[in-house]
Amino acid sequence: MQNYDYDLAVIGSGPAGVMAAVEAGRRGKRVALIERLKDIGGAGINTGTLPSKTLRESALHLSGYRQRGLDGVDLGLKREQITVAQLLARKNQVIENEIALVTDLLRSVKVEILRGHAHFADAHTLVLDETRRIRADKVLIATGSRPRRPEGFPFDDPDVVDSDTILKLERIPETLTVVGGGVIGCEYASIFACLGVKVTLLESGPKLLGFLDEELRALLEARFRALGIELLFDEGVERVIHVPGPGVKVETKAGRRFAAGKLLVAAGRSSNIEGLGLENIGLATDKRGRIAVDAGYQTSVPGVYAAGDVIGFPSLASTGMEQGRLAVCNAFGESGECVRMDTLPYGLYTIPEVGYVGLNEEECQAKGLEYEVGRARYRDNARGQIEGDLDGLLKIVFRPADRKLLGVHIIGDKATELVHHGQLALELGGTIDAFAGACFNFPTLSILYKRAAIDGLLRLEKRAKG
Ligand SMILES: Cc1cc2nc3c(=O)[nH]c(=O)nc-3n(C[C@H](O)[C@H](O)[C@H](O)COP(=O)(O)OP(=O)(O)OC[C@H]3O[C@@H](n4cnc5c(N)ncnc54)[C@H](O)[C@@H]3O)c2cc1C
């Protein structure tokens, strides 16, 4: 029997690492959680999820966006009246609070937090900052990811930023060019447009967010245009030219030239594997640094596990937490259930918000599945009217033969919350009859489910009549 200092060493204190450490601590294991930075929490707390969502909420509040549909109510502030300090003050408060909560949680289950950059000497030995060696029975790699910085962009120019450095902006620019129409690019484009910034979004493909249900994607693009965002498709950046004074000049591949107060490059993420010593344990990665794992989150090296962004898709805080927890269940002999990929909810904190779970129409078509849909619009819902959201849509996709729910797709206020009703129904293998027959509080957005289900049932009746 080997003599180890810890039962589990976790490298990285982001959402995946923290939840893994808590799960192991809760089971009475001796756990070390290693973090190289001053603050624990990783991208989830410090640079990604929480800061961007807090900025978004501040932007919605300060701009009066939520009151847009209410006649006679005009709380909209002018961009010049909003200071970045106002936006950032809330962010810092939320981050500090969350770090304190997570630290308390870790302490309550006796997880030891160790500072330093960890690398493997062998599969059971980690070296911290070249000064300390610890030995652990099992190791979890939860080192996360960072913004990918493609060649050709002058990141030494303070006006060229990525999703980390955008949080250090001192002032709200008059214009912003966003390169990349993925989730992060779309979220920031809409947040800044909401603040009155003139935003141009360049996407190298023919549309934004190709994985979305087509109907929702078209609605989102229309809402982006209504917010004043200029969308350029099949377009990329040829050159970024320094100019005297603030801002840069952007030249696109199609030859357009325009000035940008700030340029945000949102070109995906790369895994943090540098200096981890993976070569010392014979662990290979793909070209973006992603580590392959089995269904129990174990790598090809026995006893070494990986979870969160470092293993790639879907790279969300929500899924990283569950992966970390399940890795621990598997590591200590109780085989946990793996995350069910078919019922994972997705949330896009764009303005407007998008939430979805399960299959969309295009996926049903590609799989050759027979399906029907039911729709309910926010404008026909009392709560939607009260809140002034008249553009939203909730759409359910179901199997006509037995009315089994296949997917739910929502665009509009609180979409990322509402989607969880659909997630539960999917996990339980429910039918749309459950929604049609349910009694929901009134007036709520949840009633959209009932309306969409009734719409779906009426469509089935029409079909039956031919
Ligand atoms: C702008 C933005 C918005 C986002 N919005 C959402 C959202 O709304 N919802 C959602 O679910 N997800 C969102 N995400 C994704 C989410 O932030 C990530 O999926 C999540 O943080 C990944 O968690 P993780 O634990 O794998 O790694 P991370 O959070 O990246 O943490 C990894 C930690 O490991 C540390 N580390 C790395 N190497 C070492 C080493 N060798 N030694 C010691 N420590 C090390 C790092 O310093 C870091 O603290 C967003 C991301 C971004 C960038």
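Residues numbered from 1 in each chain as written. Predicted model: local features only at pLDDT ≥ 70, side-chain atom pairs only at ≥ 80, totals over all residues. Heavy atoms only, no water.

Brief notes about the overall build of the protein
Okay, so step 1: Helices and strands together make up the secondary structure of the protein, namely 12 helices and 22 strands.
Okay, so step 2: A compact globule built from 466 residues would reach a C-alpha radius of gyration of about 23 Å, and the protein, at 24 Å, matches this within 12%.
Okay, so step 3: Seen through its C-alpha atoms, the protein measures out along the principal axes to roughly 70 × 65 × 40 Å.
Okay, so step 4: The buried share of the protein, taken over its 466 residues, is 54%.
Okay, so step 5: In the protein, the share of contacts with a sequence separation of at least 24, taken over all contacts with a separation of at least 6, comes to 65%.
Okay, so step 6: For the protein, the distance from the average site of its 59 positive side-chain charges to the average site of its 62 negative ones is 1 Å. (Helix = DSSP H or I, 4+ residues; strand = E, 2+ residues; numbered from the N terminus. Rg over C-alpha atoms; globule rule 2.2 N^0.38 Å. Buried < 20%, exposed > 50% of the residue type's maximum accessible area, 1.4 Å probe, protein only. Contact = heavy atoms within 4.5 Å. Lys, Arg positive; Asp, Glu negative; His and termini not counted. Charge placed at Lys NZ, Arg CZ, Asp CG, Glu CD.)

Here's the deal with the pairing of strand β13 (residues 248-252)
Okay, so step 1: In terms of burial, β13 is a largely internal element, 4 of the 5 residues being buried.
Okay, so step 2: Pairing between strand β12 (residues 237-242) and β13: 5 bridges, direction antiparallel. Note that in β13 the partner of V237 across the bridge is T252.
Okay, so step 3: The hairpin turn running from β12 into β13, its antiparallel successor, is 5 residues long, and G245 in that turn takes a positive phi close to 80 degrees.
Okay, so step 4: The sheet contact formed by β13 and strand β14 (residues 257-260) spans 4 bridges and is antiparallel. Along β14, the bridge assignment pairs V250 with F258.
Okay, so step 5: Linking β13 back to β14 in an antiparallel pair, the connection comprises 4 residues, with G255 at a positive phi of about 95 degrees. (Pairing = 2+ DSSP bridges.)

Section: helix α5 (residues 183-194)
Okay, so step 1: Given a rise of 1.5 Å per residue, 12 residues ought to cover 16 Å, and the 17 Å separating the end C-alpha atoms of α5 matches this to within 8%.
Okay, so step 2: α5 sits mainly inside the fold: 10 of its 12 residues count as buried.
Okay, so step 3: For α5, the full list of buried residues reads G185, C186, E187, Y188, A189, S190, I191, F192, A193 and C194.
Okay, so step 4: Buried residues belonging to α5 abut α3 (49-63), β9 (175-179), β10 (198-202), α6 (214-226), β15 (262-265) and β18 (346-348).
Okay, so step 5: Immediately beyond the C-terminal end of α5, within one or two residues, lies G196, with a positive phi of roughly 90 degrees. (Expected span 1.5 Å × (residues − 1).)

Topic: the packing of aromatic side chains
Okay, so step 1: Scanning the model with the defined rule gives 5 aromatic pairs in all.
Okay, so step 2: Summarising the aromatic geometry, the rings of Y188 and F192 are spaced 6.4 Å apart at their centres and angled 40 degrees between planes, so their arrangement reads as tilted. With a gap of 4 residues between them, Y188 and F192 both fall in helix α5, about one helical turn apart. The two residues Y188 and F192 agree in class, both being buried.
Okay, so step 3: Taken together, the aromatic side chains of F211, Y346 and Y356 make up a single cluster linked through ring pairs. (Phe/Tyr/Trp six-rings, centres within 6.5 Å; stacked < 30°, edge-to-face > 60°.)

Regarding the site of the ligand
Okay, so step 1: In the region of the ligand, 36 residues are neighbours, and E35, A43, T49, K53 and D309 sit closest.
Okay, so step 2: Between the ligand and the protein, one listed contact pairs an oxygen atom with a side-chain N or O atom of R36 at 3.1 Å.
Okay, so step 3: Protein contact buries 95% of the 1,000 Å² of open area that the ligand shows by itself.
Okay, so step 4: Listing elements by their share of the shell around the ligand, those giving two or more residues are α1 (15-26), β2 (31-35), α2 (42-47), α3, α5 and α7 (317-331). (Near = heavy atom within 4 Å. Polar contact = N/O pair within 3.5 Å; in protein donor to acceptor, adjacent residues only side chain to side chain. Areas by Shrake-Rupley, 256 points an atom, 1.4 Å probe, with all protein chains shown as cover.)

Considering the side chain of S190
Okay, so step 1: With respect to the helices and strands, S190 occurs in helix α5.
Okay, so step 2: The residues contacting S190, other than those within four sequence positions of it, are F224, L227, I229, T350 and I351.

Some points on the sheet that holds strand β8 (residues 160-161)
Okay, so step 1: Read from one edge to the other, the open sheet built from 5 strands follows the order β8-β15-β9-β10-β11, with strand pairing classed as parallel. What marks the edges here is a single partner per strand, and that holds for β8 and β11 (230-232).
Okay, so step 2: Where β10 lies against β11, 3 bridges are found, and the strand directions are parallel. Pairing of L201 across the sheet is with L231, part of β11.

Some details on α7
Okay, so step 1: Look at α7: 21 Å from first C-alpha to last across 15 residues, which is about the 21 Å you get at 1.5 Å a residue.
Okay, so step 2: Turning to α7, its buried residues number three or more, namely T319, G320, Q323, G324, L326, A327, V328, C329, N330 and A331.
Okay, so step 3: In this fold, the buried residues of α7 make contact with β1 (6-11), α1, β6 (132-141) and β17 (304-306).
Okay, so step 4: Following α7 by one or two positions, G333 has its phi on the positive side, about 90 degrees.

Topic: the environment of D389
Okay, so step 1: Tracing the chain through its elements places D389 in the loop between α9 (382-387) and β21 (393-399).
Okay, so step 2: A residue is classified by how much of its surface remains accessible, and D389, at 5% relative accessible area, is buried.
Okay, so step 3: In the structure, D389 is positioned 12 residues away from R377 in sequence and 9.8 Å away in space, judged by C-alpha atoms.
Okay, so step 4: Looking at D389, its side chain comes within polar contact range of the main-chain nitrogen of D391, at 3.2 Å.
Okay, so step 5: Within the structure, the side chain of D389 is placed 2.7 Å from the backbone nitrogen of D413, a separation counted as a polar contact.

Looking at the side chain of T252
Okay, so step 1: By the element assignment, T252 lies in strand β13.
Okay, so step 2: If sequence neighbours within four positions are ignored, T252 has contacts with L202, E235, G236, V237, E238 and F258.

Focus on the pattern of salt bridges
Okay, so step 1: For the coordinates displayed, the defined rule picks out 31 salt bridges.
Okay, so step 2: For R375, the salt bridge is made with E215, and the minimal N-O distance between the two is 2.8 Å. Remark: E215 occurs in helix α6 and R375 occurs in strand β20 (residues 372-377); sequence separation between them is 160 residues.
Okay, so step 3: Classification of R375 by relative accessible area gives partly exposed; the value is 21%. (Salt bridge = Lys/Arg side-chain N within 4 Å of Asp/Glu carboxyl O.)

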